[in-house]
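Structure at a glance
As a plain string of letters, each chain reads:
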Amino acid sequence: MTSTVAPDRTARTIPLIDVRSLAGAAPALARGTPSALLQDRLQRPLRDLRISVTDRCNFRCSYCMPKESFGKDHPYLPQSALLSFEETTRLARLFLAQGVRKIRLTGGEPLLRKNLETLVGQLAELRTVDGTAPDMTLTTNGSLLARKARALRDAGLRRVTVSLDALDDAVFRRMNDMDFPVADVLHGIDAALTAGLGPVKVNMVVKRGTNAQEILPMARHFRGTGVVLRFIEYMDVGATNGWRMDEVMPASEMVEHLSAALPLVPLAETSPGETARRWGYADAQGRHDPSLGEVGVIASVTQAFCHDCNRARLSTEGKLYLCLFASQGHDLRALLRGGASDDDIAAAIAGTWQGRSDRYSELRAALPPAGPDAAPGPRRVEMSYIGG
């Protein structure tokens, strides 16, 4: 459902922090201290950079960009405000020098950004502090993937994650709210597999009363295909999706529901800071059968994982966000376009990360349910603006 409060179109701007004052705040770290030591106030390293390349999307999913708030007259960012591919690549290089190992391109819908494969090619030339290519992936709704998969792979993209919330065509069309057919997304997934963009991951946001009945059909469809299906709790991101706790299906309930039909066994995490808890399909002896594959559950509402979050997010116009639920960004574009040196920008990135103490989901879980008279908190940035 959507919020009963009319969206405030004049309040789209998110407060920013001017990081020019931080440009000289961490010169030792930026100019020689081993980047692997860069940590925030909770000793979390910086390892994952999510780069939004557009604030536009061709879907209107109710949990992200509902039509009531993102209608035909919605004021998207002008082209001049967006980071150029060269500016994005420069910032990515500086983040990699601070210890980032993984780059994820997001949106909005990133494949709406014209000539995106050019950016992919530029990023593929970069190297981590270990001298290796960054693990580069992209999250997409799949609508344009069939026509872009080969070019993206040839440019250097390694993997893709596709958002798909239902197999039933009627349910899927209602959820994307643009009457887009599920067959076209499945075709895009097949194209990604053919192009070698694997392992392909499929993310399903589960909303009780809307698409929870699709859990088993989705699992059965992708089981044994090599595609990793992940179920995500419906989250209270942004300020326009009308989020309600009673529409959240806990990850534990998803696993119980799924394993009753398709027995599962727990699997170890693959890397620190991993958001999904992994479950493997079991064979007749109750052991994981790798040929059947695995699923993941992302429980950011009921089982917060802030304690090892190692992700930073760069918005389309160069604002650095330290949490998916942030209410303010840090302006790096001003440094880029103001003539700052690489050392100054690197110091600003380091100083910003070292001051980070964000742990929204853990704090939310510790609070009592908000009453009807509770004062509204800070306006959070929309997920379509900084990616998921």
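Presented here is an overview of the structure given in this document. The structure displayed is predicted, hence computed values, not measured ones. (Residues numbered from 1 in each chain as written. Predicted model: local features only at pLDDT ≥ 70, side-chain atom pairs only at ≥ 80, totals over all residues. Heavy atoms only, no water.)

1. Thoughts on helix α5 (residues 169-176)
We apply this condition: Each residue is placed in one exposure class: buried if its accessible area under a 1.4 Å probe, protein chains only, is under 20% of its type's maximum, exposed if it is over 50%, and partly exposed if it falls in between. Strands are runs of DSSP state E lasting at least 2 residues, helices are runs of H or I lasting at least 4, and numbering of each runs from the N terminus. The arc in question is traced by the directions running from the helix axis to the C-beta atoms. Whether two residues touch is decided by their heavy atoms; if any such pair falls within 4.5 Å, the residues are in contact. Pairs of N or O atoms are called polar contacts if they sit within 3.5 Å, as long as, within protein, a hydrogen donor faces a hydrogen acceptor (for residues adjacent in sequence, only side-chain-to-side-chain pairs).
Burial in α5 covers these residues: Val-171, Phe-172, Met-175 and Asn-176. Take α5 and look down its axis: the buried residues cluster within an arc of 120°, on one side only. Residues of α5 that are buried in the fold lie against α6 (182-195) and β6 (201-206). Residue Asp-168 occupies the N-cap position of α5, its side-chain oxygen lying 3.1 Å from the main-chain nitrogen of Ala-170. A positive backbone phi angle near 55° is found at Asp-177, which sits one or two residues after α5.

2. A word on the pairing of strand β10 (residues 294-298)
On a regular strand, one side chain projects to one face of the sheet and the next to the other, so that they alternate. Using the following cut-off: Note: two strands are recorded as paired if DSSP finds a minimum of 2 bridges between them.
Most of β10 sits out of view: five of its five residues are buried. Going residue by residue along β10, you find Glu-294, Gly-296 and Ile-298 tucked away on one face and Val-295 and Val-297 tucked away on the opposite face as well. Across four bridges, strand β7 (residues 228-233) lies against β10 in parallel orientation. Note on β10: the bridge partner recorded for Ile-232 is Ile-298.

3. A closer look at the pattern of salt bridges
Let me state the cut-off plainly: One side-chain nitrogen of Lys or Arg within 4 Å of one carboxyl oxygen of Asp or Glu is enough to make a salt bridge.
Across all of its chains, the model carries 18 salt bridges by this definition. In this structure, Lys-67 engages Asp-177 in a salt bridge whose closest nitrogen and oxygen atoms are separated by 3.9 Å. You can see Lys-67 sitting in the loop between β2 (48-52) and α2 (85-97) and its partner Asp-177 sitting in the loop between α5 and α6, a full 110 residues away along the chain. We classify Lys-67 as partly exposed; its relative accessible area is 40%. The closest approach of N and O atoms between Lys-319 and Asp-331, which form a salt bridge, is 3.8 Å. Linking Lys-319 in strand β12 (residues 319-321) with Asp-331 in strand β13 (residues 329-331), this pair joins segments that are twelve residues apart in sequence. A relative accessible area of 2% places Lys-319 in the buried class. By relative accessible area, which is 13% here, Asp-331 ends up buried. Taken together, the shared-partner salt bridges connect Glu-317, Lys-319, Asp-331 and Arg-333 into one network.

Interpretation in functional terms is not warranted from these geometric data alone.
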